[in-house]
Structure formats: C-alpha cells, structure tokens
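What follows is the residue order along each chain.
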Amino acid sequence: MRRFYGALLALYGIATMLLLTGVAFYIYSRAAGTNRRQPISYNHKKHLALELECASCHLGIAEGRAQARIPTVEVCAACHTSDDENPKAKAVRDYVSANKPIPWKKIYSVPDHVYFSHRRHVGMAKLDCAVCHGDISKAEAPVTRQAVKISMARCVDCHYKMKVTNDCMACHR
C-alpha cells in the first residue's frame with residue numbers, strides 16, 4: 001500500500017510539473033510574441049525606402065498619445081487608392097475598397113499593470129524605434145514575432161544606462 005501511495009504521489013508531482021511547465025510556456029510565448037500570421041504581406045523595407053517614417057503609418061508614436069497604433073485601413077488608403085496598380089498591394093486595396101479594418105495581429109504588448117508611453121520614449125527621449133523593435137528597416141516580410149524581447153530587466157537596464165528614473169511608480173500602475 002505504501003508503494004502505491006508513493007507511486008501516486010510521484011505521478012501527481014510529474015503531472016503538476018507538466019502543468020506548470022505548460023503554463024510557463026504559454027505565458028512566455030505570449031510575452032515573446034509567438035509567430036503570428038499577418039493578413040497582408042507588408043514590406044517595411046519597401047515602405048521605408050519611399051522615405052516614409054514609422055510615424056507615417058503608426059499614428060500616435062510621437063504625438064500626445066501614450067500608445068502607438070497599428071495602421072488603420074484609412075492610413076493605408078492615403079496611398080493605396082484604386083489607381084494603385086501594384087499587384088502586391090491588391091490585398092490592401094481590397095480592404096480599402098470594402099472599408100473593412102485590416103485584422104493585423106498585435107505583436108508587441110506589455111502587461112496591463114505596466115504603463116508604457118511611446119510619446120515619452122520616442123517623442124521626448126528621441127529613442128530610435130529599433131531600440132525596442134529591432135532593425136525593422138530591413139524587414140521584407142510582415143512582422144510575426146518580436147525582434148527584441150521586452151522584459152522588465154531590459155527596461156530597467158535601459159533606464160539605468162540612460163540615467164532616467166527607475167522609480168516603480170513611473171511605469172507600474
């Protein structure tokens with residue numbers, strides 16, 4: 001009987017470890033931006049070669065808004081009209097002509113208890129987008145995962161190097 005309970009306890013321990021490993025993997029994969037297929041084959045390199053800036057499409061980066069925005073169909077419609085004959089832009093034109101939102105998959109996010117302001121980091125501190133998003137200027141395929149892992153340790157280290165506040169209440173709400 002003692003062996004039975006010992007085996008049962010060992011099985012319980014293994015099952016608990018597997019469950020915790022699964023939960024940890026799920027949390028990490030969400031934080032690390034697992035591969036997410038985007039609805040349009042967007043080419044950052046091509047758009048940036050046209051001398052567009054990140055803020056041309058990602059509204060709210062340097063303005064008074066705290067959050068940057070994933071480009072809306074209205075932003076895309078500013079350039080991709082029905083006159084645009086580029087066959088690779090057909091998917092964009094289809095969303096524009098249907099006036100349907102483009103269902104972009106969000107790649108970067110911070111937990112709800114963290115306050116991150118693009119206005120402070122890009123607008124005021126003049127940080128280059130590549131600091132947190134990697135060198136997106138070379139990306140010819142849509143972004144499907146984080147190029148740079150966002151973590152508290154990384155943020156604290158950057159704040160320390162830049163000699164800005166590491167007061168918890170500056171970022172945690």
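Data block above holds the structure.
Residues numbered from 1 in each chain as written. Predicted model: local features only at pLDDT ≥ 70, side-chain atom pairs only at ≥ 80, totals over all residues. Heavy atoms only, no water.

Asks: Tell me about the overall build of the chain, and please be specific about residues and values.
Replies: Within the chain one finds nine helices and zero strands. Order of helices (α) and strands (β) in the chain, N terminus to C terminus: α-α-α-α-α-α-α-α-α. Of all 173 residues assigned to the chain, the portion counted as buried reaches 22%. Here the analysis covers contacts within the chain between residues at least 6 apart in sequence; of these, 64% occur between residues at least 24 apart. For the chain, the computed accessible surface area is about 12800 Å², with 62% contributed by carbon and sulfur atoms. (Helix = DSSP H or I, 4+ residues; strand = E, 2+ residues; numbered from the N terminus. Buried < 20%, exposed > 50% of the residue type's maximum accessible area, 1.4 Å probe, protein only. Contact = heavy atoms within 4.5 Å. Areas by Shrake-Rupley, 256 points an atom, 1.4 Å probe, with all protein chains shown as cover.)

Asks: So what about the packing of aromatic side chains? Which residues, and what values?
Replies: One pass over the structure, following the stated rule, counts one aromatic pair. Ring centres 6.2 Å apart and planes at 90° place the aromatic pair tyrosine 42 and tryptophan 104 in the edge-to-face group. Highlighted residues: tyrosine 42 in the loop between helix H1 (2-31) and helix H2 (44-49) and tryptophan 104 in the loop between helix H5 (90-98) and helix H6 (118-124), separated in sequence by 62 residues. Here the basic side chain of arginine 173 rests over the ring of tyrosine 115, its NZ or CZ set 4.4 Å away from the ring centre. (Phe/Tyr/Trp six-rings, centres within 6.5 Å; stacked < 30°, edge-to-face > 60°. Lys NZ or Arg CZ within 6 Å of the ring centre and 35° of its normal.)

Asks: So what about unusual backbone geometry? Which residues, and what values?
Replies: Positive phi, close to 70°, is recorded for glutamate 51, a residue that is not glycine. With respect to the helices, strands and loops of the structure, glutamate 51 is situated in the loop between H2 and helix H3 (54-57). Here the phi dihedral of lysine 126 falls at roughly 60°; this positive angle occurs in a residue that is not glycine. Following the sequence through the fold, lysine 126 ends up in the loop between H6 and helix H7 (130-133).

Asks: Break down the nonpolar core for me, citing the residues and quoting the values.
Replies: With 10 residues, the main nonpolar core is built from Ile40, Tyr42, Cys57, Val73, Val75, Cys76, Val92, Tyr95, Ile102 and Trp104. At the level of secondary structure, the elements contributing two or more residues to this core comprise helix H4 (73-77) and H5. In terms of residue count, the dominant contributor to this core is H4 (three residues). (Core = buried A, V, L, I, M, F, W, Y, C linked by side-chain atoms within 4.5 Å.)

Asks: If you had to explain the pattern of salt bridges to someone new, which residues and values would you point to?
Replies: Enumeration over the complete set of coordinates arrives at four salt bridges. Across the pair glutamate 140 and lysine 45 runs a salt bridge whose closest N-O atoms are separated by 3.3 Å. Taken as a pair, glutamate 140 in the loop between H7 and helix H8 (152-162) and lysine 45 in helix H2 lie far apart in primary sequence, 95 residues in all. Judged by its relative accessible area of 48%, glutamate 140 is partly exposed. Here aspartate 157 makes a salt bridge to lysine 161, at a shortest N to O gap of 3.1 Å. You can see aspartate 157 and its partner lysine 161 sitting in helix H8, four residues apart, about one turn around the helix. For aspartate 157, a relative accessible area of 37% puts it in the partly exposed group. (Salt bridge = Lys/Arg side-chain N within 4 Å of Asp/Glu carboxyl O.)

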